[in-house]
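A look at the structure
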Amino acid sequence: MLRLHDTATGTVRPLELRDPGHVSIYACGLTVYDLPHIGHGRGWLVFDVLRRYLRFRGLEVRYVSNVTDIDDQIIERAAAEGRSESEVARQFEDAWWEASDALGVLRPDDAPRATEYVEQMVALVAELVERGFAYETSTGVYLSVEKVDGYGLLAHQSLASLKAGARVEIDAEKRSPVDFVLWKKAKPGEPTWESPFGPGRPGWHTECVVMSLDLLGEGFDLHGGGVDLMFPHHENERAQAVALGRKFAQHWIHYGWVMVGADKMSKSLHNFVTVADQLARSDPRAYRLLVLRSQYRSQIEITPETSADAGRALERLDGLARRFELHQAVDLQREALGADMAAEVTPPELERFVSHMDDDLDTPGALAGIFDALSRAHALGDRGKTDEARALARSVQVLCGVLGISLRARDELPLDAQSARLVAERDDARSRHDYARSDAIRDRLTALGWIVEDGPAGTTLRR
RNA sequence: GGCGGCGUGGCCGAGUGGUUUAGGCAGGGGCCUGCAAAGCCCCGUACGGCGGUUCGAUUCCGCCCGCCGCCUCCA
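Residues numbered from 1 in each chain as written. Chains lettered and ligands numbered in written order. Predicted model: local features only at pLDDT ≥ 70, side-chain atom pairs only at ≥ 80, totals over all residues. Heavy atoms only, no water.

1. What to know about the nonpolar core
Ile 25, Phe 56, Leu 317, Phe 353, Ile 370 and Val 396 are the most contacted members of the largest nonpolar core, which totals 84 residues. In terms of residue count, the dominant contributor to this core is helix α1 (residues 38-56) (ten residues). Beyond its immediate sequence surroundings of up to four residues, Phe 353 is in contact with Tyr 53, Phe 56, Ala 366, Ile 370, Leu 399, Val 402 and Leu 403. (Core = buried A, V, L, I, M, F, W, Y, C linked by side-chain atoms within 4.5 Å. Buried < 20%, exposed > 50% of the residue type's maximum accessible area, 1.4 Å probe, protein only. Helix = DSSP H or I, 4+ residues; strand = E, 2+ residues; numbered from the N terminus. Contact = heavy atoms within 4.5 Å.)

In structure tokens:
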């Protein structure tokens, strides 16, 4: 059984399922007002691997991730660029999907947009007011946090210390500085929806409660996002559910930041690298490998150097696929690997992989096992134990597939006429033991950007 | 001020009270190869500092130093 760190308890504990065999997951998505960066990418990869692994373990997964398509940042950008909010949101939502697809991330089963749920959000806010948990001011409707049992569960702080530390601007109308907005009353020029509290728009924290409960139902299994969402976003989502008397997420997962030097990557520091930038300089699989080489909760740094490092490690994985001609690709496109694939993994390697993954998604440990198997496959191959070697190599391929990395047995690059001719000439020279000529041709091929290797079948080229 | 995390060999990054090593990348030696490349084998004897607990601590406790995050929109 998968054991995961749970932010609510601060411990690693089994992920208990509401319905045996079925896992329901909600991950907070993005506010679509700018290009996604590699910090967002890390988050997608973490959840992607979680989903793939659960599938591999024979569970049915329902994964929901929302699109926040109305919020302050979108309004600001639209105003600055003289466009409509929906235009801005649509542009960056498209960019989000493009980046996520490029990373090989499976699309969510549902990706609800906030604007499609406003009616339900209004109803939820009205219910909170009716139940006495929310109150209206001249600027909006607020949740009275002091009335909520256990507020501060995820922040791991008492209400008193949260109040003491509150740095929010003083709003005399709010009953407590910690109270948060559920409904923002309309300001001139902003998009608005009708509500019993007047025209306005929903607060950020309300959409995720409404959408997660609507799509996954009460008491769904797992809710997560980046560490920053722990507080206040997730705390506030939970507060609303508690106030409504509804069972909310049973387990909370939060992943660590991507750092740039000593600082976290963020929009305000202007130090972010977009997913597109990253993919321009490294294989998406190398980026994935780099992310998975660290535990999901730790902070990581992604630099050109560490990307190149991961690229070389990836090259070794592909090298295994080349040697053992692992052409039977694993389909990572739309389908995660199912449990049936476990049968293709040799038992010791499967056991080692599972024990690491079950231990709070210890992908570094899982990868250590994979690379260990890789070395042994080569060693067995060197000793002529072809069948055993192939079985191990296939195990490596399948387990990489579970992590969303597909190995390449050969480069897709077609040989141009000139290179093909040089290969033929070189093989001819070598067969005649004309090594001066064969080396000269190798130099020419190298100059053309090829990596030249001699194998049983003669000269082979790759990039 | 409150809460939390981290400091491991050249770099990245796991882990553990002592007996066998995480793993990757880079580096050195060897094997293989016409020479290479790829691959295999071997190697560095690492755990921020000071105390304490212990027969024994990198691994537990305390203190100190350094770094980071959250407490505000943020993945």
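2. Observations concerning the pairing of strand β9 (residues 222-226)
Burial within β9 is extensive, with five of its five residues counted as buried. In the sheet, strand β3 (residues 22-31) pairs with β9 via three bridges, with the strands oriented parallel. The partner of Ala 27 across the bridge, within β9, is Gly 224. Note: β9 against strand β10 (residues 251-255), five bridges, orientation parallel. In the sheet register, Gly 226 faces β10, and the bridge partner there is Tyr 255. Regarding the hand of the β-α-β motif, the stretch spanning β9, helix α7 (residues 230-244) and β10 is right-handed. (Pairing = 2+ DSSP bridges. Right-handed = clockwise from strand over helix to strand, strands pointing away.)

3. What about the sheet that holds strand β11 (residues 258-260)?
The strand order across the open sheet built from three strands is β12-β11-β13, with neighbouring strands paired in mixed fashion. At either end of the open sheet lies a strand with only one pairing partner, and these are β12 (263-264) and β13 (300-301). Bridge analysis of β11 against β13 gives two bridges, and the strand direction is parallel. Within the sheet, the bridge partner assigned to Met 259 lies in β13 and is Glu 301.

4. Section: the packing of helix α2 (residues 72-81) against helix α3 (residues 85-102)
Interhelical geometry of α2 versus α3 gives an angle of 110° and a closest axis separation of 8 Å. Comparing their axes, α3 and α2 come out roughly perpendicular. Listed contacts from α3 to Ile 74, Ile 75, Arg 77 and Ala 78 of α2 are Glu 85, Val 88, Ala 89 and Phe 92. The residue inventory of the contact of α2 with α3, partitioned by class, reads six nonpolar, no polar and two charged. (Axes fitted to C-alpha atoms, helices over the stretch in contact; angles between N-to-C directions. Parallel < 35°, antiparallel > 145°, perpendicular 65-115°, else oblique. Nonpolar A, V, L, I, M, F, W, Y, C, P; charged D, E, K, R; others polar.)

5. Some points on the domain arrangement of chain A
Here chain A is partitioned into domain 1 (3-259), domain 2 (316-402) and domain 3 (417-462). For domain 1 versus domain 2, the separation of C-alpha centres amounts to 37 Å. Listed by partner, the interface residues are 14 residues for domain 1 and 23 residues for domain 2. Contact between domain 1 and domain 2 buries roughly 1600 Å² in total, counting both sides, with carbon and sulfur atoms accounting for 61%. If you sort the residues of domain 1 by the area they bury against domain 2, Arg 52, Tyr 53 and Phe 56 come out on top, with a joint share of 45%. Linking domain 1 to domain 2 there are one salt bridge. (Domains from an automatic or database assignment. Buried area = accessible area lost by both parts, 1.4 Å probe. Salt bridge = Lys/Arg side-chain N within 4 Å of Asp/Glu carboxyl O.)

6. Considering the pattern of salt bridges
Taken as a whole, this structure holds 39 salt bridges when the rule is applied. Glu 81 is the partner of Arg 83 in a salt bridge, and the nearest nitrogen-oxygen pair spans 2.7 Å. For Glu 81, a relative accessible area of 38% translates into the label partly exposed. The partner of Asp 372 in a salt bridge is Arg 376, and the shortest N-O contact between them spans 3.5 Å.

7. Some words on the sheet that holds strand β7 (residues 180-185)
Spatial strand order, β5-β6-β7-β8: four strands in an open sheet with antiparallel pairing. Of all strands in the sheet, those bounded by a partner on one side alone are β5 (134-136) and β8 (200-202). With direction set aside, neighbouring strand axes in the sheet form an average angle of 25°. Pairing analysis gives three bridges linking β7 to β8, with the strands arranged antiparallel. Across the sheet, the residue bridging to Trp 183 is Pro 202, located in β8.

8. Digging into the packing of aromatic side chains
Summed over the entire model, instances satisfying the criterion amount to eleven aromatic pairs. Taking the centre distance of 5.9 Å and the plane angle of 35° together, the rings of Phe 47 and Tyr 63 count as tilted. Here Phe 47 is found in helix α1, whereas its partner Tyr 63 is found in strand β4 (residues 60-68), with 16 residues between them in sequence. Assessed through its relative accessible area of 6%, Tyr 63 is described here as buried. With a centroid separation of 6.4 Å and an interplanar angle of 75°, the aromatic rings of Tyr 151 and Phe 231 are classed as edge-to-face. In this pair, Tyr 151 sits in the loop between β6 (140-143) and α5 (159-165) while Phe 231 sits in helix α7, placing the two residues 80 residues apart along the sequence. (Phe/Tyr/Trp six-rings, centres within 6.5 Å; stacked < 30°, edge-to-face > 60°.)

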